Amino acid sequence: MEKLSRRFYARDTKQVALDLLGTYLVRMQNGVRRVGRIVEVEAYLGPHDLAAHSARGRTARTEVMFGQPGHAYVYMIYGMHCCFNVVTERVGHASAVLIRALEPLENVTANTRGPGLLCRALDIDRRLNGADLLGEEISIFADKQAARPMIGRSARIGVAYARHWAARLLRFYVRDSAYLSRRPKDRTE
DNA sequence: TGCACGATGAAC
DNA sequence: TTCATCGTGCAC
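Below, the structure is looked at part by part.

Let's shift gears to the overall build of chain A. Within chain A, the regular secondary structure consists of three helices and nine strands. For a compact globule of 189 residues, the expected C-alpha radius of gyration is about 16 Å, and chain A comes in at 15 Å, within 12% of that figure. For the C-alpha atoms alone, the extent of chain A along its principal axes is close to 40 × 35 × 35 Å. The 189 residues of chain A split such that 52% are buried. Sequence separation of 24 or more characterises 60% of the internal contacts of chain A that already satisfy a separation of 6 or more. Total accessible area computed for chain A in this model is approximately 9400 Å², and 49% of it derives from carbon and sulfur atoms.

Right, dumping it as structure tokens:
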């Protein structure tokens, strides 16, 4: 197991999203380690992507998206749930990958099928906004020996307002996982 | 300062 | 299908 490097995150967002499938999200808190395998993600490509928060420009909320890759972008949605993203590409590019579902592996008992639920299960909230994923509190590890998962793709969830960007197949998931946050009719190509 | 609206989840 | 519930961004 190897912690993902800055270089891993500083690449094409779609590629980072695909490569994150099957990796391990590790949350350290009070000496307790919680681990989940990432099985579902969405790519948000930058300010030109009308579904991305950065499409509204640089604001207090999206500041982290415009910063260095390999950092956590955590925001609150619908006034009650947090969503966890990893910042990708170069500084100023403002792209990120939303982590949508995990397979619970270690010290995780709550439901992790959905972006809000996985944050609750791993106690991820806005205190972690801006946290460095190369640090201790929250990080992601890859097992280089592991087989590449079979990947499915679909349109992203809840972005109908984003005009032609809503149809882009930028949601990726491990096809045979039992821990996906269902919803749209999945296409597999 | 006010207001419309979500990268959701759970209940009905 | 509906609703709970509030931070954000933008209009005024």
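This paragraph deals with helix α2 (residues 13-20). For α2, the buried fraction is high: six of the eight residues fall into the buried class. Considered for burial, the residues of α2 that qualify are Thr13, Val16, Ala17, Leu18, Asp19 and Leu20. Downstream of α2 by a residue or two, glycine 22 has a phi angle that is positive, lying close to 90°.

Below, the discussion takes up the environment of glutamate 40. Topologically, glutamate 40 is positioned in strand β3 (residues 32-44). The spatial distance from the C-alpha of glutamate 40 to the C-alpha of arginine 182 is 10.0 Å, given a sequence separation of 142 residues. Sequence-distant contacts of glutamate 40, that is, excluding residues within four places in its chain, are made with Leu21, Leu98, Ile99, Arg100, Ala101, Arg171, Phe172, Tyr173, Leu180 and Ser181. In this structure the side chain of glutamate 40 is engaged in a polar contact, spanning 2.8 Å, whose partner is the side chain of arginine 100. Here the side chain of glutamate 40 touches arginine 171 through a polar contact of 3.0 Å, side chain to side chain.

Here the focus is the protein's contact with DNA strand C. The local shell around DNA strand C consists of Arg56, Thr59, Arg61, Tyr78, Gly79, Met80 and Arg126. Within the side chain of threonine 59, a nitrogen or oxygen atom sits 2.3 Å from a phosphate oxygen of DNA strand C. In this structure, a base oxygen belonging to DNA strand C sits 3.2 Å away from a main-chain N or O atom of tyrosine 78. Taken together, the residues that form the surface near DNA strand C break down as two nonpolar, two polar and three charged.

What follows covers the side chain of threonine 88. Mapped onto the secondary structure, threonine 88 falls in strand β5 (residues 81-88). A relative accessible area of 0% means that threonine 88 is categorised as buried. Engagement of the side chain of threonine 88 in a polar contact is seen with the side chain of threonine 13, the distance being 2.8 Å. Separated by 2.8 Å, the side chains of threonine 88 and serine 95 make a polar contact. For threonine 88, the contacting residues outside a window of four places in its chain are Tyr9, Arg11, Thr13, Val16, Pro69, Ser95, Ala96 and Val97.

Each value, and the rule that gives it
Residues numbered from 1 in each chain as written. Chains lettered and ligands numbered in written order. Predicted model: local features only at pLDDT ≥ 70, side-chain atom pairs only at ≥ 80, totals over all residues. Heavy atoms only, no water. Helix = DSSP H or I, 4+ residues; strand = E, 2+ residues; numbered from the N terminus. Rg over C-alpha atoms; globule rule 2.2 N^0.38 Å. Buried < 20%, exposed > 50% of the residue type's maximum accessible area, 1.4 Å probe, protein only. Contact = heavy atoms within 4.5 Å. Areas by Shrake-Rupley, 256 points an atom, 1.4 Å probe, with all protein chains shown as cover. Polar contact = N/O pair within 3.5 Å; in protein donor to acceptor, adjacent residues only side chain to side chain. Near = heavy atom within 4 Å. Nonpolar A, V, L, I, M, F, W, Y, C, P; charged D, E, K, R; others polar.

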